[in-house]
Amino acid sequence: MIARETIDRILDAVRIDEVVGDFVQLKKRGTNLLGLCPFHNEKTPSFNVNPVRNIYKCFGCGKGGDAVNFVMEHEHYSYPEALRYLAKRYNIEIEETAPDPQEAQLRDERESLYILNSYAQRVFSEQLFEDEEGRAIGMSYFRERGFTEDTIKTFQLGFSRSDWSAFAERAVKEGYKEEYLEKTGLCIRKDNGKLFDRFRGRVMFPIHNLSGRVIGFGGRVLKKDDKTAKYLNSPESEIYHKSKSLYGIYFAKKAIVQLDNCYLVEGYTDVISLHQAGIENVVASSGTSLTSEQIRLIGRYTKNITVLYDGDAAGIKASLRGIDLILEEGLNVKVVLFPDGDDPDSYTRKHGSSSTVDFIEANAKDFVLFKTGLLLDDVKNDPVRKAGLIRDVVETIGHIPDPILRSTYTKQCSALLDIQENILVSELNKIRRNQLKKETGTPEIDELLTVTIAPPQTPADDLSTEAQEQHIIRLLVQYGDELIEFKENTEDPERPGHFLEQKYHVSVSRFIVEEIAHDGIEFEHPVYNRLLRLYVESAKANPDASPDVDRLIQESDASVREVLVELLSPRYTLSDNWAIMHQIEVPLEENLLRQQVEQSVYHLKNKKVMRLLEESRQRLKEAHTNGEDFTALLERHQHLERVKQEISRILGIDVLR
Ligand SMILES: [Zn+2]
């Protein structure tokens, strides 16, 4: 058990902005900090950190709490695990009450695997520095690569002995369970039941998770031997998932946030060399080709990835696909090609660290253009192969989620490839359509194009646009200065996580003007539109006040005056009109005005949206032949659909889709 005093010291020391800042890129917003929520997928930040109260809160998914909660949630830690992590983060020594010799056994399995890996790391490091074999083979290899003792210690590098079961025997003798030796993959059980070591005669690279704990190992064999793989990694376990791990992320995350860029390299030694050279924002995918999960992990810290390649052309072409994945996740990719077969590691050793930084900065190329240029070199003037190249390049552009960026690339590539832009666009539309179909797994896209959705039927929708506009003007003229009440839930500043119902009042004219005018809606009826504009103008001076109707009547021309007089006549009353509009019982008097105002505005908007949707459907159908960007149109269409659904929700219309 962790002593109460230690817990208090930890809680006193932690600063929420620092703890969260290790994982999330935060930007200052007033006294608070704002970032992209690590707990749900979002594009606009709603994750709020309050350094004064030492708490965080996501207004998107609702998660919130203090630093301990954050670490528990983010790292999937138990309460004591989170405290241990924070103690380490703030250099606080943990005092345990009643140290329990059985504790190692009692902790859960994950914790046991962590503990065993940490033990293995210490053994391997000790063997590197102290064993004859370790010094002769392992240490001389690291020295040859120019790694300093500091670097070796930072990355906790080590050496595994070449005997069959040196590690297994030692670990068992020191009380570690065979079960966990197997589960971490450090050892393998033979058919005769004996344990032997997975890693033998290898230099060892521990793989750390985000919080710096060892989750697995990579081992490189140094002897020339055809039978064994040059690199060997720990197998998947409870704590090590290859597709979600990045080598070096623990050492890189701070620099990635600060520099807003992440270098992606191929080998463990590239990571270490660059880090030693002072280039710390660097990671490698460990033991797999790049996965979407790894890219999303980087995406928590930055939207910019620079891939550093060694100059081996075959290797580059093999990895081009992986880079499409980065684009698909909406990140920006640049590539740097090292010259003459050098990798980042060897280049840094030859030329020194500052020239490596210069080289990267001078040679970082935009990926799409890099790929186009690279393939173009291959194709030369062979027309058949050029057609294949165009499809390939367009496929890559198709992975980019941002339509504006896509269109920029289409322009640039059309120049590079010397091909008309509309040919690329039409090819792009074909590919996007297939990609979207694959991604959503439904034929929805085609349905959108062919199925006309029946508009929701309500009596108010049967009213002509003119009648709707007239109704809104009448509400403005008769009730412009009346206040209507709205309720809103806002977070209690005194008690985070608790919500208060707040009432606020808005004048009828302000509500209508803001809803109608700010959406850029113009009335079709010319006189109604002139009246609407008078209210919009007046709202600019004082949003809650409306023009004096008597003066309007005196000062306006005949057509406006006629309308005003008509609308002010007593034959229009709220309840009469309510019955006409909705054919239902008249509700309570105090609710009536607000509902009338809201409904009249939203029914009008509903009609406008339905019309826009119909136009949009038509444009989608013709996008292919007109050479328009299909995806941009589709995104707009989907936006309109969402607006329609929101309006329907407010109006209480059931949408049967
Ligand atoms: Zn969230």
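Reading the values: rules and limits
Residues numbered from 1 in each chain as written. Predicted model: local features only at pLDDT ≥ 70, side-chain atom pairs only at ≥ 80, totals over all residues. Heavy atoms only, no water. Helix = DSSP H or I, 4+ residues; strand = E, 2+ residues; numbered from the N terminus. Buried < 20%, exposed > 50% of the residue type's maximum accessible area, 1.4 Å probe, protein only. Contact = heavy atoms within 4.5 Å. Areas by Shrake-Rupley, 256 points an atom, 1.4 Å probe, with all protein chains shown as cover. Salt bridge = Lys/Arg side-chain N within 4 Å of Asp/Glu carboxyl O. Polar contact = N/O pair within 3.5 Å; in protein donor to acceptor, adjacent residues only side chain to side chain. Core = buried A, V, L, I, M, F, W, Y, C linked by side-chain atoms within 4.5 Å. Axes fitted to C-alpha atoms, helices over the stretch in contact; angles between N-to-C directions. Parallel < 35°, antiparallel > 145°, perpendicular 65-115°, else oblique. Left-handed = near helix turned anticlockwise from the far one by under 90°. Nonpolar A, V, L, I, M, F, W, Y, C, P; charged D, E, K, R; others polar. pLDDT = per-residue confidence, 0-100. Donors = N, O, S within 2.8 Å, 3.2 Å for Na, K, Ca; no water. Tetrahedral: all angles 85-135°; square planar, octahedral: opposite > 155°, others 65-115°. Pairing = 2+ DSSP bridges.

A. Seen up close, the overall build of the chain. On a plain count of helices and strands, the chain comes out with 30 helices and 19 strands. With 657 residues in all, the chain has 48% of them scored as buried. Nonlocal contacts in the chain, meaning residues at least 24 apart in sequence, comprise 65% of its contacts between residues at least 6 apart. Within the structure as shown, the chain displays about 32900 Å² of accessible surface, and the carbon and sulfur contribution to it stands at 49%.

B. Quick peek at the pattern of salt bridges. One pass over the structure, following the stated rule, counts 33 salt bridges. In this structure, Lys 153 engages Glu 149 in a salt bridge whose closest nitrogen and oxygen atoms are separated by 3.0 Å. With Lys 153 and Glu 149 both in helix α8 (residues 149-154) and four residues apart, the pair spans about one turn of that helix. Taking relative accessible area as the criterion, Lys 153 reaches 49% and is therefore assigned partly exposed. Lys 183 is paired through a salt bridge with Glu 179; the nearest N and O atoms lie 2.9 Å apart. Of the two residues, Lys 183 and Glu 179 both sit in helix α10 (residues 178-183), four residues apart, roughly one turn of that helix. For Lys 183, a relative accessible area of 33% gives the class partly exposed. Classification of Glu 179 as partly exposed rests on a relative accessible area of 35%.

C. Geometry of the environment of Asp 345. Of note, Asp 345 is situated in helix α15 (residues 344-351). Separated by 199 residues in the primary sequence, Asp 345 and Gly 146 have C-alpha atoms spaced 9.9 Å apart. For Asp 345, the residues in contact, after removing those within four places along its chain, are Arg 145, Thr 269, Asp 270 and Ser 273. At a separation of 2.5 Å, a polar atom in the side chain of Asp 345 contacts the side chain of Arg 145.

D. Just the nonpolar core, in detail. One finds Phe 47, Phe 70, Val 283, Val 307 and Ile 326 to be the most contacted residues of the largest nonpolar core, which totals 72 residues. At six residues, helix α17 (residues 367-379) tops the list of elements feeding residues into this core. Not counting chain neighbours up to four residues away, the residues in contact with Ile 326 comprise Leu 264, Leu 290, Ile 295, Ile 305, Val 307, Leu 331 and Val 333. In terms of nonpolar packing, the next biggest core, distinct from the first, is built from 51 residues, Tyr 114, Phe 142, Leu 186 and Tyr 268 among them.

E. The packing of helix α18 (residues 383-398) against helix α19 (residues 403-417), seen in detail. Close contact between α18 and α19 brings their axes to 10 Å; oriented N to C, the two are set at 160°. The angle between α18 and α19 falls in the class roughly antiparallel. Like other packed secondary-structure pairs, α18 and α19 cross with a definite hand, here right-handed. Where α18 abuts α19, its residues Lys 386, Leu 389, Ile 390, Val 393, Ile 397 and Gly 398 lie against Arg 406, Tyr 409, Thr 410, Cys 413 and Leu 417. Tallied by class, residues from the contact of α18 with α19 come to seven nonpolar, two polar and two charged.

F. Local environment of the confidence of the model for the chain. Within the chain, residue pLDDT values average 81, and 87% of them lie at 70 or more. Across the chain, the secondary-structure element scoring lowest on mean pLDDT is helix α21 (residues 444-450), at 42, and the one scoring highest is strand β6 (residues 158-160), at 97. Under a pLDDT of 50 for its full length, residues 442-460 has, in the predicted model, 36 contacts with residues more than four places off or in other chains. Scored below 50 in pLDDT, residues 582-590 makes 14 contacts in the model with residues more than four places away or belonging to other chains.

G. Quick look at the coordination of the zinc ion. Those protein atoms acting as donors to the zinc ion are Cys 37 (SG), His 40 (ND1), Cys 58 (SG) and Cys 61 (SG), and they sit at 2.0 to 2.3 Å. If you look at the zinc ion, its four donor atoms make angles of 102 to 117° with each other, and the shape they trace is tetrahedral. Here the donor residues of the zinc ion share one chain and are spaced in sequence as C-x2-H-x17-C-x2-C. Here His 40 is found in the loop between β2 (32-35) and β3 (47-50), whereas its partner Cys 58 is found in strand β4 (residues 55-58), with 18 residues between them in sequence.

H. Seen up close, the sheet that holds strand β12 (residues 246-247). If you walk across this open sheet you meet the six strands as β12-β14-β13-β15-β16-β17, and the pairing is mixed. Taken across any chain shown, the strands that pair with only one partner, and hence form the sheet edges, are β12 and β17 (365-366). Sheet analysis places strand β16 (residues 332-337) next to β17, joined by two bridges and oriented antiparallel. For Val 335, the partnering residue across the bridge sits in β17 and is Lys 365. Contacting β12, β13 (262-265), β14 (282-285) and β15 (304-309), helix α12 (residues 268-276) runs over the sheet at an angle of about 175° to β14.

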